[in-house]
Every structure is written in C-alpha cells, then in structure tokens.
Amino acid sequence: MMTKYYLITLLCVFGINTVSAEAFCALRDPVNSIYQLYPNATSYQSIVRTVNQQTREHIITHLPNFNLHFSEMGRHTLYVALQDGQKIGYIHVRSEQSQWGLVEVAWALNLDLSVKDFVFQRARDPSRKYLETPDFKGQLIGRDFNTLRTLIDSPFAEFSTPLFTNKDALKLVTVVIKSAMKTVLITEQAWNDDLQTVSTVK
C-alpha cells in the first residue's frame, strides 16, 4: 500500500497527467470546494508555481524538526477566492503521511495567511470525525504561523476539548497542525510575488 502512495506522489512531482496522480496533488472538484470554504466568493483564480529546493530550505529554516520531502516538490496550485473581483482568501492542498496513510487537507487561508478553515479531502483515520467538529476547528481558525507553532511547542496545552484524551486523535491533530504550518510557509515562499500582486480581476 505504501508503495502505491509513493508512486502516486512521484507521478505528481514529475507531472504525469493521470487521474490518480492529480487526485493527490490538487484541489478535488475546485468549484464545490472553493465555494464551500468561501461561501461569499463569486469567482476564483488558480496560480501554478513550482515548490522547489528554495522552498524546502525555507521550511527547514523555520521548522528545523520538519522536512519537505523531495516527493512533495514540483508544480502545485494555489487557488485565490474572489468576491466581485476582490481577493478574499486562498486555498491550497497539502498531503501528509499518517498512521492511516496519506492525509489530504484543503486549507483555506485568510489574506494574512492565518487559518480560515480546512476540509479533509482524504483521511482514513476514524479520528477525523473529532477534528471536523466546529469545536476543534474553532481552536485553529484565526491562528497564524506563530500561534500554530505554540500548539506544537506546548503539547496541546491550549486545547480544551475532551477528544485530546484519545491518543489516536492526538496523532491526527499533530499531522493536521504540521500540515497547516507547512501550508503557510509554502504559500508564503512559493507564491510570494502573487500574494503581493493578485488583487483584482477585471
């Protein structure tokens, strides 16, 4: 099974255009996903950029205990949600390994790259149901990179929900928080110029 995931990721990196590869690399069903995450959006843009060695070094510099595997590099898409031509947020998908296989998370980020929301595109872990609750999401919404980091540094001391007595749920929480932090850093690095310039659609 792991060989299958690894192969799909490699297909993703080298740009082989198959249904299986794309499923692990991009936002599935962009129209429904974008309007689910941004109900006020009236349109959107997609911007493809390369996540490269410079991006990898950026991750390692800011998160010494994390890593961006070479299989995560390559061409990726950032979606820009727009309301009447004005950008209102970003959507980016990242995949992380977990004890139940790959976890795909579609992250909605505010214009300041703080967390607006997230949805699982793929997660076989039964604990996902706890993380999809408004109670858990509410504790991530509005957090930027630095405040997300505190959740790693202080072993979830800031969380208050009973689900964190569940060890399996804690493992998935760790995966999700790492995914959020990496998503912010990758978006900041790989799409830096676009974050500054993409503002309206005429």
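Note that this is a predicted model, so its numbers are computed, not measured.

The buried fraction of strand β5 (residues 115–122) amounts to 7 of the 8 residues, a majority that puts the element mostly inside the structure. Alignment of strand β4 (residues 101–109) against β5, held across 6 bridges, turns out to be antiparallel. In the strand pairing of β5, Ala 108 is matched with Asp 117.

Here Asp 84 is to be found in the loop between β2 (74–83) and β3 (86–98). For Asp 84, a relative accessible area of 66% corresponds to the exposed category. Taking C-alpha positions, Asp 84 is 9.4 Å from Asn 40, a pair spaced 44 residues apart along the chain.

Below, the discussion takes up the confidence of the model for the protein. Across the protein, pLDDT averages 79, with 76% of residues at or above 70. Model confidence for the protein, summarised as mean pLDDT per element, is weakest for helix α1 (residues 2–13) at 36 and strongest for β5 at 95. Of the regions scoring below 50 in pLDDT, residues 1–24 engages in 32 contacts with residues more than four places distant in sequence or in other chains.

Counting through the fold element by element, Val 115 comes out in strand β5. For Val 115, a relative accessible area of 2% gives the class buried. Taking the C-alpha atoms as reference points, Val 115 and Val 184, 69 residues apart in sequence, are found 8.7 Å from one another. Ignoring sequence-local partners within four residues, the contact set of Val 115 consists of Trp 107, Ala 108, Leu 109, Asn 110, Leu 140, Ile 141, Gly 142, Arg 143 and Leu 148.

Analysis parameters
Residues numbered from 1 in each chain as written. Predicted model: local features only at pLDDT ≥ 70, side-chain atom pairs only at ≥ 80, totals over all residues. Heavy atoms only, no water. Buried < 20%, exposed > 50% of the residue type's maximum accessible area, 1.4 Å probe, protein only. Helix = DSSP H or I, 4+ residues; strand = E, 2+ residues; numbered from the N terminus. Pairing = 2+ DSSP bridges. pLDDT = per-residue confidence, 0-100. Contact = heavy atoms within 4.5 Å.

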